[in-house]
Amino acid sequence: GAAVIFIEVKQSATHAQAAEHLTPRQMARIYASASEFLGGEPGGQNTECRFDVALVDELGRIEILENAFTA
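Residues numbered from 1 in each chain as written. Predicted model: local features only at pLDDT ≥ 70, side-chain atom pairs only at ≥ 80, totals over all residues. Heavy atoms only, no water.

### Observations concerning the pairing of strand E3 (residues 62–65)
And step 1. Pairing between strand E2 (residues 49–56) and E3: 4 bridges, direction antiparallel. If you follow Val53 over to E3, its bridge partner there is Leu65.
And step 2. Hairpin connection, E2 to E3: the antiparallel pair is bridged by 5 residues, and Gly60 has positive phi, about 85°. (Pairing = 2+ DSSP bridges. Helix = DSSP H or I, 4+ residues; strand = E, 2+ residues; numbered from the N terminus.)

### Points about the confidence of the model for the protein chain
And step 1. Averaged over every residue, the pLDDT of the protein chain is 94; the share at 70 or more is 97%.
And step 2. Of all helices and strands in the protein chain, the one with the weakest mean pLDDT is helix H2 (residues 24–39) (95), whereas E3 scores best (98). (pLDDT = per-residue confidence, 0-100.)

### Description of the sheet that holds E3
And step 1. Across the sheet, which stays open at both edges, the 3 strands sit in the order E1-E2-E3 with mixed pairing between neighbours. Whereas interior strands pair on both sides, the edge strands pair on one side only; in this sheet they are strand E1 (4–11) and E3. Looking at each pair of strands side by side, their axes are set apart by 25° on average, direction ignored.
And step 2. In this sheet, E2 lies alongside E1 in parallel orientation, the contact comprising 8 bridges. Each bridged residue has a counterpart across the sheet, and for Val4 the counterpart in E2 is Cys49. (Axes fitted to C-alpha atoms, helices over the stretch in contact; angles between N-to-C directions.)

### Focus: the packing of aromatic side chains
And step 1. Enumeration according to the criterion identifies 5 aromatic pairs in this entry.
And step 2. Relative to Phe51, the ring of Tyr31 lies with its centre 4.8 Å away and its plane at 75°, an arrangement referred to as edge-to-face. You can see Tyr31 sitting in helix H2 and its partner Phe51 sitting in strand E2, a full 20 residues away along the chain.
And step 3. With a relative accessible area of 38%, Tyr31 lands in the partly exposed category.
And step 4. Measuring from ring centre to ring centre gives 5.4 Å for Tyr31 and Phe69, while their planes differ by 80°; the resulting arrangement is edge-to-face. Of the two residues, Tyr31 sits in helix H2 while Phe69 sits in the segment after E3, which places them 38 residues apart along the sequence.
And step 5. Look at Phe69 and you get buried, because its relative accessible area is 9%.
And step 6. A network of ring pairs unites the aromatic residues Phe6, Tyr31, Phe37, Phe51 and Phe69 as a single cluster. (Phe/Tyr/Trp six-rings, centres within 6.5 Å; stacked < 30°, edge-to-face > 60°. Buried < 20%, exposed > 50% of the residue type's maximum accessible area, 1.4 Å probe, protein only.)

Here it is as structure tokens:
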């Protein structure tokens, strides 16, 4: 679709440990960067978007958490 998806990647020994590395401060920086990016889109701040997190464990397995910032 026409949605913009922002993905933050976090890596650690396990998916759970990787998820713990995402802090509120980092989320605020990601929101600010996303806001600046969306300002340049045709729909501006009304552009449909979501924030996902890709968790990578020590074996390279990836788990995607869709809409992770709303949980």
